[in-house]
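# Examining the three-dimensional arrangement
Here are the chains, one letter per residue:
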Amino acid sequence: VNWHWELRSVNGKGLDIKVRMPQSLDVVEQRCRKYAQSQLGRGNVQCNFVLKAGDRKQSLKINAEALQQAISFIAEIEKAAKVAPASATEILNLPGVLERVSEDPDEEQDDTLHGDIQASFEAAITELQRSRAEEGKHLYAVLIRLVDEIDELTLEAKNNPWRSAAAIEKRIKKQLGQLMNADANLDSQRLHQEAMLIASKSDIQEELDRLAAHIASARELIVTVGPVGRKLDFLCQEFNREANTLCSKSNSVALTQTGLALKACIEQLREQIQNVE
């Protein structure tokens, strides 16, 4: 008996393993699925078992019922047509009288075959893990590059000229002037409250601090041994939340452009993380 395994793994939120084997090998299929679950942590994995049975030992067997019918028919023909009796060779050559049958393997042979099939599956899983690890090396470089880009864009937002004290003061004075022109009866306390509100809305320091913390966490997770895909996926949601808030607080075209570039980079990171176990 000859066979081979075809294993394919693609990205997925969880672990979904499908093993396709003949119904006669249900017991082996369950063992293989259980083993794969113990070795893999994430991904949609398809395991196809391709079987090619060789020529088994065959023996000849006389079909007693077909032989008896043939002898009866021959006897009737000989009597009616008065012909010479048929030879044993001629009778055996009649269709269905002599059959070829395959020798079925005994229970011990089945156990050996099942063990060999499972061993080959475990070897295939090892090869799949090696292939995934090799792909992971290339993915590692991509993730580091994207985190570096997020770090650079965060620094760019931090150093934006519109965040300087002079620029903030100028914006506040301008907006307060607009408020006073709209309502000349505003008292000093109300003006103070409005100034504080304007200042808080334009301050993105909290977002920058959280982005810096997320960047540090991402770098730590990327080099962590073991499954980290879900944690990185959650971290990307936090990244995106801060980038959205940064854009909503922006009071300049340049800062908005930085925020949009940051969001695009975070989305690329999120897409790549779907391939991380």
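Because the structure is predicted, anything quoted here is derived from the model rather than measured. (Residues numbered from 1 in each chain as written. Predicted model: local features only at pLDDT ≥ 70, side-chain atom pairs only at ≥ 80, totals over all residues. Heavy atoms only, no water.)

## Considering the overall build of the protein chain
- A count of helices and strands for the protein chain gives 9 helices and 5 strands.
- Secondary structure elements in the protein chain, listed N-terminal to C-terminal, are β-β-α-β-β-α-α-β-α-α-α-α-α-α.
- For the protein chain, the share of sequence-separated contacts (at least 6 apart) that also reach a separation of at least 24 residues comes to 82%.
- Accessible area of the protein chain: about 18,100 Å², with a carbon and sulfur share of 51%. (Helix = DSSP H or I, 4+ residues; strand = E, 2+ residues; numbered from the N terminus. Contact = heavy atoms within 4.5 Å. Areas by Shrake-Rupley, 256 points an atom, 1.4 Å probe, with all protein chains shown as cover.)

## A few points about the side chain of Thr258
- Residue placement: Thr258 occurs in helix H9 (residues 253-273).
- For Thr258, a relative accessible area of 3% puts it in the buried group.
- Ignoring anything within four residues of it in the chain, the contact list for Thr258 reads Leu153, Glu156 and Ala157. (Buried < 20%, exposed > 50% of the residue type's maximum accessible area, 1.4 Å probe, protein only.)

## A closer look at the sheet that holds strand S3 (residues 43-52)
- Read from one edge to the other, the open sheet built from 3 strands follows the order S1-S3-S2, with strand pairing classed as mixed. Of all the strands in the sheet, the pair left with one neighbour each is strand S1 (2-10) and strand S2 (15-20). Shown here is a sheet whose adjacent strand axes are inclined to one another by a mean of 10 degrees, direction ignored.
- Pairing analysis gives 9 bridges linking S1 to S3, with the strands arranged antiparallel. (Pairing = 2+ DSSP bridges. Axes fitted to C-alpha atoms, helices over the stretch in contact; angles between N-to-C directions.)

## Topic: the packing of helix H7 (residues 205-222) against helix H8 (residues 229-249)
- Look at H7 against H8: their axes get within 10 Å of each other, and the N-to-C directions meet at 160 degrees. As the angle between them shows, H7 and H8 are arranged roughly antiparallel. Note on packing geometry: the crossing formed by H7 with H8 is left-handed. For the pair H7 and H8, contact is made by Glu207, Leu208, Arg210, Leu211, His214, Ile215, Ser217, Ala218, Leu221 and Ile222 and by Lys231, Leu232, Leu235, Glu238, Phe239, Glu242, Thr245, Leu246 and Lys249, respectively.
- Partitioned by chemical class, the residues of the contact of H7 with H8 number 10 nonpolar, 3 polar and 6 charged. (Parallel < 35°, antiparallel > 145°, perpendicular 65-115°, else oblique. Left-handed = near helix turned anticlockwise from the far one by under 90°. Nonpolar A, V, L, I, M, F, W, Y, C, P; charged D, E, K, R; others polar.)

## Overview of the packing of aromatic side chains
- Inspection of every chain in the model, using the stated rule, returns 3 aromatic pairs.
- For the pair Trp3 and Phe49, a centre-to-centre distance of 6.3 Å together with 40 degrees between the ring planes defines the contact as tilted. Note that Trp3 is positioned in strand S1 and Phe49 in strand S3, a separation of 46 residues in sequence.
- Site record: aromatic cluster; members linked through ring pairs are Trp3, Trp5, Phe49 and Phe121. (Phe/Tyr/Trp six-rings, centres within 6.5 Å; stacked < 30°, edge-to-face > 60°.)

## Re the nonpolar core
- Core analysis: the largest hydrophobic core is formed by 28 residues, its most contacted members being Leu143, Ile150, Leu232, Phe239, Leu246, Leu262 and Leu269.
- Elements with a contribution of two residues or more to this core: helix H4 (107-158), H7, H8 and H9.
- The biggest single contributor to this core is H4, with 7 residues.
- With sequence-adjacent residues up to four places away left out, Leu246 is seen in contact with Ala157, Ile204, Glu207, Leu208, Leu211, Leu255 and Gly259.
- Counting residues in hydrophobic clusters, the runner-up holds 17 residues, among them Ile17, Val19, Ala36 and Cys47. (Core = buried A, V, L, I, M, F, W, Y, C linked by side-chain atoms within 4.5 Å.)

## Overview of the pattern of salt bridges
- Scanning the entire structure with this criterion turns up 13 salt bridges.
- For Arg241, the salt bridge is made with Glu238, and the minimal N-O distance between the two is 2.6 Å. Linking Arg241 with Glu238, this pair stays in helix H8, spanning 3 residues, or about one helical turn.
- A single salt-bridge network, built from bridges that share partners, covers Glu206, Glu207, Arg210, Glu242 and Lys249. (Salt bridge = Lys/Arg side-chain N within 4 Å of Asp/Glu carboxyl O.)

## Some remarks on the pairing of S3
- As judged from the 6 bridges shared by S2 and S3, these two strands associate in the parallel manner. Note on S3: the bridge partner recorded for Val19 is Cys47.
- Chirality of the crossover, the property in question, places the unit of S2, helix H1 (residues 26-39) and S3 among those that are left-handed. (Right-handed = clockwise from strand over helix to strand, strands pointing away.)

## So, the packing of H8 against H9
- One way to put it is that H8 packs onto H9 with a least axis distance of 9 Å and a crossing angle of 165 degrees. The orientation of H8 relative to H9 falls into the category roughly antiparallel. H9 is crossed by H8, and the crossing has left-handed handedness. Packed against H8, whose contacting residues are Gly229, Leu232, Asp233, Cys236, Phe239, Asn240, Ala243, Asn244, Leu246 and Cys247, the element H9 presents Leu255, Thr256, Gly259, Leu260, Leu262, Lys263, Ile266, Leu269, Arg270 and Ile273 at the interface.
- Class assignment for the residues of the contact of H8 with H9 results in 12 nonpolar, 5 polar and 3 charged.

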